[in-house]
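The chain contents come next:
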Amino acid sequence: MAPTSGNTLDIPWEADPNVFIFNNEVPGRPKMHIHRLDMREWVRIDASYPAQMRLRDSFLRERRDEVFVSNTDESAEASKWEFFQKLVQHLPQRFPYIFDDTVPGKLYNKVLGEWVSTLRDDPEDVLVRAGRLTQEDWCIIEYNEEAGGYVLTSGIVFFPMRWSLQEKFNKVIGKIHEPVKVFTKHLQPSVYRTFLQMKPEHPLWRANWALFNDLSGPMDLYAPTAALDRNDKNEVTPYDENTGKALVFRAEYQTLIKLPETKCIVFGIRTYQRYIEDFNEVPSSDCAGLIRAIRNIDKDEKEYKSAQFWSDAACKYLQNIIDSREKFWFKGGYSLVGLSLGSAVILGIGLTVAAMRAK
């Protein structure tokens, strides 16, 4: 008998972490934004889990060869298995209200009402099984002596951002990032050094961000076509009443773990996507931070991000959010800039009482 599942569950979904790494950017100084990873945050699950998992399942049925690749040699199989063992041990410990491992050889997903085999001899590839359990996409990167670097030897990637898994398969890291000039010019040596020096006991995380004017919303997550290939068909997005839903903000929360036995690196990619109008719900400091990041995009990255098509509209829209908040004034010249709604209401009541007493 399966454990409780579906609508009968009361899931304490994680809050959106607002992966706004743009606030840490410094003009003229591209960097990796590497941080130590707390393993409790290796896998992140929020209220978008059911919808994203349904989408991933449809991709497995409809475009399996586009979202999954793998070598079949002993090294690749060993790397995938070591990763999968770590994952299926982690999930029920971290999310016991979602995953149940009380039945030997199986993991039950209470949200989806599905069993996933944890046995090595199951015919379904372990990487595909991992992709059926988490919102993260997963890539296995192994060191290759002949290539002189780390190579992508397998992956399950449902939500690529400007790259194709098939095109990057079995390529060394430098070749994978070849279209990204800011990487090849500024970051490649530090990435290689980080990969070589990584220790299993010190996992890492980083993040990136992007804006799109050719995606249809938060669930339009499959974007394998490089920006440079889309630019010929793209058009400038105007700043008007439709801008809030014409532009989509996307962030990737990426994790890097080196496994102790195979020494491969597991690269996890958790995608967050929202309309830019959702910035009406975040602090003005984040709106201002994104404006700064857009205006200071490295010249080598501007074309890659297609910024020429959306940067003006995005900055005007974000600035309007800030300006509209600063227009609220009470009698006596008190500004509400930086105040929460509750603080503003309290201040307003206080000022009203003071005015009445003055009479």
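The structure under discussion appears in the preceding block.
Conventions and cut-offs
Residues numbered from 1 in each chain as written. Predicted model: local features only at pLDDT ≥ 70, side-chain atom pairs only at ≥ 80, totals over all residues. Heavy atoms only, no water. Helix = DSSP H or I, 4+ residues; strand = E, 2+ residues; numbered from the N terminus. Contact = heavy atoms within 4.5 Å. Polar contact = N/O pair within 3.5 Å; in protein donor to acceptor, adjacent residues only side chain to side chain. Core = buried A, V, L, I, M, F, W, Y, C linked by side-chain atoms within 4.5 Å. Buried < 20%, exposed > 50% of the residue type's maximum accessible area, 1.4 Å probe, protein only. Expected span 1.5 Å × (residues − 1). Pairing = 2+ DSSP bridges. Phe/Tyr/Trp six-rings, centres within 6.5 Å; stacked < 30°, edge-to-face > 60°. Lys NZ or Arg CZ within 6 Å of the ring centre and 35° of its normal. 1 Å grid on protein atoms, 1.4 Å probe; cavity = no way out; pocket = protein on both sides within 12 Å on 5 of 7 lines; lining within 4 Å. Points joined across faces, edges and corners; volume = space filled by probe spheres on them. Nonpolar A, V, L, I, M, F, W, Y, C, P; charged D, E, K, R; others polar. Axes fitted to C-alpha atoms, helices over the stretch in contact; angles between N-to-C directions.

S.K.: Which parts of the structure should I look at to understand the environment of His35?
M.R.: Within the secondary structure, His35 sits in strand 1 (residues 35-36). A C-alpha to C-alpha distance of 9.4 Å links His35 and Ala207, two positions 172 residues apart in sequence. Excluding residues that lie within four positions of it along the chain, His35 makes contacts with Ile21, Pro203, Leu204 and Trp205.

S.K.: Teacher, can you tell me more about the side chain of Arg94 here?
M.R.: Along the chain, Arg94 falls in helix 3 (residues 74-94). A polar side-chain atom of Arg94 sits 2.7 Å from the main-chain carbonyl oxygen of Arg40. Apart from the residues lying within four places of it in its own chain, the contact partners of Arg94 are Glu14 and Arg40.

S.K.: Please clarify how the nonpolar core should be interpreted in this entry.
M.R.: Across soluble globular proteins, nonpolar side chains have a tendency to be buried as a group. Ranked by internal contacts, the top residues of the largest apolar core, which has 71 residues, are Phe83, Trp138, Trp209 and Phe279. Counting residues per element, this core draws most heavily on helix 12 (residues 311-326), at seven residues. Filtering out sequence-adjacent residues up to four positions away, Trp209 remains in contact with Ile21, Phe22, Glu25, Phe249, Arg250, Ala251, Leu290, Ala293, Ile294, Ile297, Lys305 and Trp310. Core analysis: the next-biggest nonpolar cluster, separate from the first, contains 19 residues, Met32, Val191, Met198 and Ile269 among them.

S.K.: Would you take a moment to explain helix 10 (residues 284-295) for this structure?
M.R.: A turn of α-helix holds 3.6 residues, and therefore any two residues three or four places apart point the same way. For helix 10, spanning 12 residues, the distance from its first C-alpha to its last is 17 Å, which sits close to the expected 16 Å at 1.5 Å a residue. Taken together, the buried positions of helix 10 are Asp286, Cys287, Gly289, Leu290, Ile291, Ala293 and Ile294. Those residues of helix 10 hidden inside the fold are in contact with strand 8 (204-212), strand 9 (248-258) and helix 12.

S.K.: Which parts of the structure should I look at to understand the pairing of strand 10 (residues 265-275)?
M.R.: It is a general feature of regular strands that their side chains alternate between the two faces of the sheet. The buried fraction of strand 10 is high, at 11 of 11 residues. Across five bridges, the pairing between strand 6 (residues 137-144) and strand 10 is antiparallel. Counted as the bridge partner of Ile141 is Ile265 from strand 10. In this structure, strand 9 lies alongside strand 10, joined through 11 bridges in antiparallel fashion. What sits directly across from Arg250, in strand 10, is Gln273. Taking the residues between adjacent antiparallel strands as the criterion, strand 9 and strand 10 are bridged by six residues, where Lys263 takes a positive phi near 65°.

S.K.: Hey, could you run me through the pairing of strand 9 in this one?
M.R.: Burial analysis of strand 9 places 11 of its 11 residues in the buried class, which makes it a mostly covered element. Neither face of strand 9 is left uncovered, since the one carrying Val248, Arg250, Glu252, Gln254, Leu256 and Lys258 and the one carrying Phe249, Ala251, Tyr253, Thr255 and Ile257 both have all their residues buried. Bridge count between strand 8 and strand 9: nine bridges; the pairing is antiparallel. What sits directly across from Ala207, in strand 9, is Tyr253.

S.K.: I would appreciate a short explanation of the packing of aromatic side chains in the present structure.
M.R.: Geometry of an aromatic ring pair is reported as the spacing of the ring centres plus the angle between the planes. Taken as a whole and assessed by the stated rule, the structure comprises 19 aromatic pairs. Seen from their ring centres, Phe20 and Phe22 are 5.1 Å apart, and the 25° between their planes marks the pair as stacked. Of the residues examined, Phe20 reaches a relative accessible area of 8% and is grouped as buried. Looking at Phe22, the relative accessible area reads 2%, which means it is buried. Taken together, a centroid distance of 5.2 Å and an interplanar angle of 70° make the contact between Tyr143 and Tyr150 edge-to-face. A relative accessible area of 38% means that Tyr143 is categorised as partly exposed. Each member of the aromatic cluster is reached from another via a ring pair, and the members are Phe20, Phe22, Trp209, Phe249 and Phe279. One cation-aromatic arrangement involves Arg56 over Phe159; the distance from NZ or CZ to the ring centre is 5.4 Å.

S.K.: How do you make sense of the sheet that holds strand 1 when you look at a structure like this?
M.R.: Each strand in a sheet pairs with its neighbour through backbone hydrogen bonds, running either in the same direction (parallel) or in the opposite one (antiparallel). The sheet built from seven strands is open, its strands ordered 1-8-9-10-6-7-2 with antiparallel pairing. Of all strands in the sheet, those bounded by a partner on one side alone are strand 1 and strand 2 (68-70).

S.K.: Explanation requested: empty space enclosed by the protein in the structure shown.
M.R.: The rolling of a water-molecule-sized probe over the atoms marks out the regions of remaining empty space. Across all of its chains, the model carries one cavity of 30 Å³ or more by this definition. The calculated volume of the largest cavity comes to roughly 30 Å³. Lining of the largest cavity is provided by Glu66, Val157, Pro160, Ser164, Leu165, Tyr222 and Pro224. Its residues assigned to classes, the lining of the largest cavity shows five nonpolar, one polar and one charged.

S.K.: Please explain the sheet that holds strand 4 (residues 106-109) as it appears in this structure.
M.R.: One open sheet accounts for three strands, arranged 3-4-5; its pairing is antiparallel. Single-partner strands in this sheet number two, and they are strand 3 (99-100) and strand 5 (114-117). The pairing of strand 4 with strand 5 spans four bridges and is antiparallel. Paired with Asn109 across the two strands is Glu114, which belongs to strand 5. The sheet strands contacting helix 3 are strand 3, strand 4 and strand 5, and the helix crosses strand 4 at an angle near 45°.

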